Amino acid sequence: MKVIVRSLLLWMVCLGSSAQAALTIEITQGVKGAMPIAVVPFSWEGPRVEAPIDIAAIITANLHRSGRFSPLPERDMLAKPRDPSKVNFQNWSSLGVESLVVGKLRALQNNQYQVQFILFDVFRGTQITGQTFNMRGGRTDLRKTAHQVSDIIYEALLGERGAFDTQVAYVTQAQDAAGKPRYSLQVADADGYGPQAILNSRHPLMSPSWSPDGKKLAYVTFEKGRPAIYTQNVRSGKREKISSFRGINGAPAWSPDGTRLAMVLSKGGSADIYVMNLLNKKLTRLTTSYAIDTEPVWTPGGDAIVFTSDRGGKPQLYQVTLSGRQVKRLTFEGEYNARATLSPDGRLVAMVHGSGDRYRIAVMDLQNGALQVLTDSVLDESPSFAPNGSMIIYATENQNRGVLSAVSVDGRVRQRLVLQEGEAREPVWSPYHR
Amino acid sequence: MNILKKALILAVPVMFLAGCASAPTDTADDGQLGADSGTQSSTAGFGAGDASDSSRGIDDSDSSVETMGLSDGSDISTQSLTLDLDDPSSLLAKRVIYFDFDRSKVRSEFNEIIGAHAAYLAENPGAMVKLEGHADERGSREYNIGLGERRGNSVARHFGLQGASRNQLEVVSFGEERPVATGHDDSSWSLNRRVEIVYLRQR
């Protein structure tokens, strides 16, 4: 398979000015037929010479990263019109550009800013959409606006919702000065910018899971020397111990309505799937096999749970209904299928697919059972769907280091998020709401 | 065998003495141990000794995971009659059981080690052991938590069969989260598929 390394430069533009940006992104496999677009650098009106943030660069990077767009590099632009009425569509058309974004960032009073943009259809010379945002001037808020603009452009041109204004949570492991491992639960923007540790520990952290409103994370911590499940409010940091039974407390997964938490407990003898009502903490046991039953994920309707079990000898994916507890096996292809994640529409299941000594990410159509392997590394794990179902983020090894990657659902576009320090693992893409 | 004798001479529980004194065999007895367990070792071959060492100081109360496995050998001046957790020449100094890929069956080569620890626990009812199960990095993390626990349970079953009380044992699985070797190859993986025997405290 031919690997085209594309445009690291773009990311330098986007992230280079900020030392906080711990993640950079490489597109390791290109795609033909990406939509040609140009995002003209936004004009700046304010007291300072320099704009506080390069909105156009963030939008360009987002669109590029999605694999669905091929943005025109700034150096190839013949003109950088500040005024939408001065756009020469012929010039853009001659560069092969089909869509054009022109915008403006203005400083208002009291640390307020305004972002305006217009998206043009170059061939028709008409406006497709445009919007004005007023916001407070924190760097995070300005980036958020750039992601929102990216989402509007993505949806206007592709007809599906964008997932740029979302976040990703993941676990990092690094060594302290004494060589002891340090684990952190991190939350970053979906483009990898601005990672913030919401929990640091000397003991392993595992299996983060977003609440459906995007406000909390459930996770497993070994801070007391034994596993326990906690939930934590991402903003306030307030946390609550949910489960610390004898044995395994693992793999928490929020129900779609946010009222229940599926989890794995072994207090009954072996690892089984349970569901806890978060209001009264009442437990319902869903599986009773002697096998390892683990990694529950809810179907979008909340009426069934897909999980991993080795009840047939090797780990495979199964589904159990909440009412009736009927179990059916879902995967038959390959000797090892585990760690399911369901697409938001419930039609696809992505998993860790092992054959020989290779563990790769595969996606299966639940209607016809067709399985497609999406990645070609050897130790890929922990797939998680973007909330619009367009991409899957996962963990992999690169040069002996745990790194995060993302792949489009059709497998055509892959990108790597490289951590500058330590190892990253178990990425989970947030839902839409923050 | 000298080392074995030395280490275990006082610890072999009475229940083993009669049957074992003359037959140092490797009796396969899977059925008795259950599907998951390996060959039952004889703790055989150890002569019955003068079991008068019950006050031996095990001072491992706060051992952390990091420091377990090998003792520092600072008090080697152990007499032949002591069964000392800190004696590096003792079988009790061996505290890691290794496993095959995706398996939780205890290989017969580890029966002697488990037998020594089980005998120690039987002799010291106040001693507590945490069996920490681990897996190599292949496969999914939570499945590996399950696998690590299965390995811990497998070792615990052997402990029980060899005289330790289940109340002295706790199984905690760390899955693939605490590798001892960080390479991505067979040699690292085989070191990481393990159960560590961690002495907690003496009641």
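Residues numbered from 1 in each chain as written. Chains lettered and ligands numbered in written order. Predicted model: local features only at pLDDT ≥ 70, side-chain atom pairs only at ≥ 80, totals over all residues. Heavy atoms only, no water.

Enquirer: Give a detailed account of the confidence of the model for chain B, specifying residues and quantitative values.
Expert: All names here are of chain B. On average, residues of chain B carry a pLDDT of 69, and 58% of them reach 70 or more. A low-confidence stretch, residues 1–82 (pLDDT under 50), is modelled with 148 contacts involving residues beyond four sequence positions or located in other chains. With pTM at 0.81, the complex prediction returns an ipTM value of 0.88. (pLDDT = per-residue confidence, 0-100. Contact = heavy atoms within 4.5 Å.)

Enquirer: Kindly report on unusual backbone geometry, identifying the contributing residues and their values.
Expert: Residue and element names in this part refer to chain A. Despite not being glycine, Asn111 has its phi angle at roughly 60°, a positive value. Topologically, Asn111 is positioned in the loop between strand E5 (99–107) and strand E6 (112–121). One non-glycine residue, Ser207, lies in positive phi territory at about 55°. Looking at the element boundaries, Ser207 is found in strand E11 (residues 205–210). Note on Ser207: relative accessible area 9%, which makes it buried. (Helix = DSSP H or I, 4+ residues; strand = E, 2+ residues; numbered from the N terminus. Buried < 20%, exposed > 50% of the residue type's maximum accessible area, 1.4 Å probe, protein only.)

Enquirer: So what's going on with the packing of helix H4 (residues 111–123) of chain B against helix H5 (residues 141–161) of chain B? Which residues, and what values?
Expert: Residue and element names in this part refer to chain B. The geometry of H4 relative to H5 is characterised by a closest axis approach of 8 Å and an angle of 60° between their N-to-C directions. When the axes of H4 and H5 are compared, the pair comes out oblique. For the crossing formed where H4 meets H5, the hand is right-handed. Residues Asn111, Ile114, His117, Ala118 and Leu121 of H4 form the contact with H5, whose participating residues are Val155, His158 and Phe159. A class-by-class count of the residues in the contact of H4 with H5 yields 5 nonpolar, 3 polar and no charged. (Axes fitted to C-alpha atoms, helices over the stretch in contact; angles between N-to-C directions. Parallel < 35°, antiparallel > 145°, perpendicular 65-115°, else oblique. Left-handed = near helix turned anticlockwise from the far one by under 90°. Nonpolar A, V, L, I, M, F, W, Y, C, P; charged D, E, K, R; others polar.)

Enquirer: Talk me through H5 of chain B; I want residue IDs and the actual numbers.
Expert: Look at H5 of chain B: 30 Å from first C-alpha to last across 21 residues, which is about the 30 Å you get at 1.5 Å a residue. Of all 21 residues in H5 of chain B, 17 are buried; the element is thus mostly enclosed. (Expected span 1.5 Å × (residues − 1).)

Enquirer: Lay out the interface of chain A and chain B in plain terms, naming residues and giving numbers.
Expert: The interface of chain A with chain B comprises 40 residues on the first partner and 28 residues on the second. Here chain A and chain B share 6 salt bridges between them. Of the charged contacts in the structure, one is a salt bridge between Asp102 of chain B and Lys314 of chain A, with a shortest N-O distance of 3.6 Å. Our count for the chain A to chain B interface comes out at 18 residue pairs in polar contact (both at pLDDT 80 or more). (Salt bridge = Lys/Arg side-chain N within 4 Å of Asp/Glu carboxyl O. Polar contact = N/O pair within 3.5 Å; in protein donor to acceptor, adjacent residues only side chain to side chain.)

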